[in-house]
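Residue strings, one per chain:
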Amino acid sequence: MGVNRWPMLGRFFAGLLALLMLAGCASSISARVTTYEKWPGDAPGQKYTIAPMAGQDSNLEYQSFADMIRASIGRTGLVEAGNPSEARFVVSFSYDNPMSQSWVQQFAEPYFPGPFFGPWAGYYGGPYGFGGGMFYSPPVINTPVTTFKNSLTVIIKDNELDGAEVYRSTSVVITESDNLPAVMPYLTNAIFDGFPANNGSVRDISYTID
């Protein structure tokens, strides 16, 4: 008596689809960091101040992001000055998260003609190998996806060098949701991760999402 493989095949692909869905739920976030630097060797222990950009003095969002930078900048060896006039280094930053649309390749939704998936591509067969019949894979289609380019640029200038830039770094995280405040801690950490890095370097840094 032949064995009806279709219910078994359906359960197999249902499990496979669930596994792929779980794999797609990433538990990490990746930032691309571009850095330019001429960091002075005598900087550790020197004082810095954060200078607000024009019009940002009373911006609560800007102040919140400035606190995140303070929490990450300790890796530089700098100490925040109690009085801005005492600071050797001046830190400024800007941020943005413009929306754009891109195209990604995805499998088309499978249909369910019965208790099994279809159409899928490959072979099914007996317990000892391939054989039997053929099933087909879902086609790959281009799907529009809305994304947000969350970016942070930090610039540090040295007053002992007549205000010359000694550090400029930009971190970028692409997300599918508009939530810059939630992404900002990762952007600030990435800016100072491995500080000061190599001049002209481009790095991808990943963090586990809590």
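Quantities reported herein were computed from a predicted structural model and do not represent experimental measurements.

Q: What should I look at first to understand the pattern of salt bridges in this one?
A: If the charged atoms of two oppositely charged side chains come close together, the side chains can form a pair. For the coordinates displayed, the defined rule picks out 8 salt bridges. The salt bridge partner of Asp204 is Arg32, with a shortest N-O separation of 2.7 Å. Highlighted residues: Asp204 in strand β10 (residues 201-208) and Arg32 in strand β1 (residues 28-37), separated in sequence by 172 residues. Judged by its relative accessible area of 48%, Asp204 falls in the partly exposed class. On the accessibility criterion, Arg32 (46% relative accessible area) is partly exposed. Salt bridges sharing partners connect three or more residues here, namely Asp42, Arg88, Asp158 and Glu160.

Q: Teacher, can you tell me more about the nonpolar core here?
A: The tendency in soluble globular proteins is for nonpolar side chains to be buried as a group. Counting residues in hydrophobic clusters, the biggest one holds 34 residues, and the most contacted among them are Trp39, Phe93, Val154, Ile156 and Phe192. At the level of elements, β1, β2 (47-50), α2 (60-72), β4 (89-96), β8 (140-158), β9 (164-175), α3 (180-192) and β10 are the ones that each hand at least two residues to this core. Here this core takes 8 residues from α3, the largest share from any one element. Beyond its immediate chain neighbours, meaning those up to four positions away, Phe192 contacts Ile69, Ser72, Ile73, Arg75, Thr76, Val154, Ile156 and Tyr167.

Q: I tried to follow the pairing of β2 on my own but got confused; where do I start?
A: Looking along a regular strand, one sees side chains alternate from face to face of the sheet. Of the pairings in the sheet, the one linking β2 to strand β3 (residues 79-80) comprises 2 bridges and is parallel in character. Its bridge partner lying in β3, Tyr48 is registered against Glu80. This β-α-β element, β2 to α2 to β3, shows right-handed connectivity. Where β2 meets β4, 3 bridges bridge the pair, whose relative direction is parallel. Within the sheet, the bridge partner assigned to Tyr48 lies in β4 and is Phe89.

Q: Whenever I open this one, the packing of aromatic side chains confuses me. Can you help?
A: Aromatic ring pairs are described here by two measures, namely the spacing of the ring centres and the angle between the planes. Enumeration over the complete set of coordinates arrives at 11 aromatic pairs. Considering the side-chain rings of Tyr62 and Phe93, the 4.3 Å spacing of their centres and the 10 degrees angle between planes classify their relative orientation as stacked. Residue Tyr62 is located in helix α2, and its partner Phe93 is located in strand β4; the two are separated by 31 residues in the primary sequence. Accessibility classification places Tyr62 together with Phe93 in one group, the buried group. Where Tyr167 meets Phe195, the ring centres are 4.7 Å apart and the plane angle is 55 degrees; that geometry is what we call tilted.

The rules behind these values
- Residues numbered from 1 in each chain as written.
- Predicted model: local features only at pLDDT ≥ 70, side-chain atom pairs only at ≥ 80, totals over all residues.
- Heavy atoms only, no water.
- Salt bridge = Lys/Arg side-chain N within 4 Å of Asp/Glu carboxyl O.
- Helix = DSSP H or I, 4+ residues; strand = E, 2+ residues; numbered from the N terminus.
- Buried < 20%, exposed > 50% of the residue type's maximum accessible area, 1.4 Å probe, protein only.
- Core = buried A, V, L, I, M, F, W, Y, C linked by side-chain atoms within 4.5 Å.
- Contact = heavy atoms within 4.5 Å.
- Pairing = 2+ DSSP bridges.
- Right-handed = clockwise from strand over helix to strand, strands pointing away.
- Phe/Tyr/Trp six-rings, centres within 6.5 Å; stacked < 30°, edge-to-face > 60°.

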